Amino acid sequence: VYSLSLQDIARAAERSARDLGFDRVTLWLKDQDGRRVSALVRGSDGTGESGERIVLSLAPPLTRVAEVATARRRYFLTRHPAKDLAPAERRPLMEPVDKVDGYAGCVLVPLMGRRGNILGVLMVGREKANGMALQESLPPLQALAHNLAIVIENTRLLEKARRHAAELAALNEITASVTQVRDMQEVLNLILERLECVISYESAFIKLLEGREARIVAQRGSPVSLDPARSEPEDLSWIEVPLSLQGQVIGCICLGRREANAFRREEVQLAQVFANHAAVAIRNARLYEALQRYSGELEAQVAARTADLQVALERAQEADRLKSAFLSTISHELRTPLAVIKGFVSTLLQNDVQWEPEMRQEFLATIEREADHLTGLIEQLLDMSRLEAGVLAVDQRPCRLQDVYANVADRLQLLARDHRLRVDFPDDLPLVHADLHRVGQVLSNLVENAAKYSPAGSEIVIRAVRADGQVLVSVTDQGEGIAPEFHERIFERFFRVQDEPSRSGTGLGLAICRGIVEAHGGRIWVESVPEEGSTFSFTLPIIRDSK
């Protein structure tokens, strides 16, 4: 019996009532909310021949069925149903209409539950009088109603138990998803899919808060509008339950049906319980996504730091190699002028040789030149040491770039003696804020490099122009040029593009130039194409009031 459906119960009630001499039977059953009764006609699903659902309200004014269903009457008995029953009550009992006048009467008996609650109404009718009077049929009808109430109550309890089991299974599954599912969108879709197993809906969606705005992130079912402003209220039911964690709302779940008052209180409560579990699943998915994102960022940072360390290690190894090469070079560079000076001094000191005045003068000039070269090497080492210590002195004063050139013109002519040196300074150059000696040192180093790496007889050009509130100075040669990968590295200390023994130098000149220019607040760089020459440029600040 417990496995019977309500339709099976209605058919069994009809058979039992026919045994008592009644032709038509209608079971009126209360809805779960207790506000209406619906008719189960001849074991059907509650629809008449027209397919319309037959429903009576239990709110005043009460019909006869409502009076019995709300305990306003213990039962109702009439021999004139067409007169005493409302049309909605007569319709399931006395259809077709042409038989209304021939009905002999009907009886309405309440279906009482175990706790005295009324489950509905048993309504029976006769088309004509037969052996048993309506009054005499009341006791067996009450017994039938009692048995039907037990069966209906048990059936509903069993249905409720099955529904509760399905709800628990769905809740357990969504709880399991908290630890099993990692993808956020998969979690959101699973929430709506499992929710449909326990609460029927036509359309559902999940909104999550993003700042002050709520955005739909998942949707399931037909596109039913849940906006009351766009739908007739009597044709629409919707519930919206919050997704909250530790008192903080993170979004909501919305469910909709195209039916008035479609959701029971139990369904709303179940939806809220479900939403609480769903909120945990969403939080865990967010945490997992954040962890994955952080893990990816951390891996990227570790990889970047590892690459940086590898580059730093390679640079350190390269610096160590360059330092070793520098020590070897500087030893040679220092030893060579010393050997020349020692050789010529020893020659002049020989007592057994009488040197001609011209030869003696040539020896002394060579000694002076090598001494100057040795002094220059020592000055470079001292300047590099000052730069590394951050104590390089720069005495900036207003001066003309022409004065800077004039201060080192003889040295530049000597350095470029095998080349054609051309100077292009416009007359309207503004005053610069510079150290006359140090900027001359930069020009000397750049011209010396240009002469060293360009063929004899080629042109070396020194230019100066005003640009962007500064004076731009450049030294251009027609030499070998520098590959792009070395444009930055040539300004590092000890670095040299060429290591041929025929090319003298310590590898400190350009590093010192950069230190001096940056100490003036300017910058230095190179533009070069291999086999087409190079242009070294640097900037100097101008005096603001200078025109």
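Bear in mind the structure is a predicted one, so any value in this text is a computation, not a measurement.

A.B. asks: I'm lost on the sheet that holds strand 9 (residues 237-245) in this one. Help?
C.D. replies: The sheet built from 4 strands is open, its strands ordered 8-7-10-9 with antiparallel pairing. Each of the sheet's edge strands pairs with one partner strand only, and the pair in question is strand 8 (213-221) and strand 9. Strand-to-strand twist across the sheet, computed as the mean angle between neighbouring axes with direction ignored, equals 20°. Strand direction decides the pairing type here: strand 7 (residues 203-210) and strand 8, joined by 8 bridges, are antiparallel. Across the sheet, Ile-206 pairs through a bridge with Ala-218, a residue of strand 8.

A.B. asks: When you look at the sheet that holds strand 17 (residues 534-541) in this model, what are you seeing that I'm missing?
C.D. replies: Think of a sheet as strands paired side by side through backbone hydrogen bonds, with each pair either parallel or antiparallel. Taken together, 5 strands build an open sheet; the order of strands is 12-14-15-17-16 and the sheet is mixed. At either margin of the open sheet sits one strand with a lone partner, and together these are strand 12 (420-424) and strand 16 (524-528). Across the sheet, the mean angle separating the axes of adjacent strands is 20° when strand polarity is ignored. Direction of pairing for strand 12 relative to strand 14 (residues 459-467): parallel, over a ladder of 5 bridges.

A.B. asks: Would you mind showing me how to read the pattern of salt bridges here?
C.D. replies: Oppositely charged side chains can pair when the atoms bearing their charge come close. Enumeration according to the criterion identifies 16 salt bridges in this entry. Across the salt bridge formed by Arg-11 and Asp-8, the nearest N and O atoms sit 2.6 Å from each other. Of this pair, Arg-11 and Asp-8 both sit in helix 1 (residues 6-19), separated by 3 residues, roughly a single helical turn. Among the charged side chains, a network of salt bridges with common partners joins Arg-64, Glu-67 and Arg-73.

A.B. asks: Could you clarify how one ought to interpret helix 1 in this entry?
C.D. replies: Residue pairs three or four apart in sequence face the same way in an α-helix, which turns once every 3.6 residues. Over its 14 residues, helix 1 runs 20 Å from end to end, which matches the ideal 20 Å to within 8%, given 1.5 Å per residue. Listing the buried residues of helix 1 in full gives Ile-9, Ala-10, Ala-13, Glu-14 and Ala-17. With its buried residues spanning 140° around the axis, helix 1 presents them on a single face. Exposed and oriented more than 90 degrees from the buried face of helix 1 are Arg-15 and Asp-19.

Rules used throughout
- Residues numbered from 1 in each chain as written.
- Predicted model: local features only at pLDDT ≥ 70, side-chain atom pairs only at ≥ 80, totals over all residues.
- Heavy atoms only, no water.
- Pairing = 2+ DSSP bridges.
- Helix = DSSP H or I, 4+ residues; strand = E, 2+ residues; numbered from the N terminus.
- Axes fitted to C-alpha atoms, helices over the stretch in contact; angles between N-to-C directions.
- Salt bridge = Lys/Arg side-chain N within 4 Å of Asp/Glu carboxyl O.
- Expected span 1.5 Å × (residues − 1).
- Buried < 20%, exposed > 50% of the residue type's maximum accessible area, 1.4 Å probe, protein only.
- Arc of directions from axis to C-beta.

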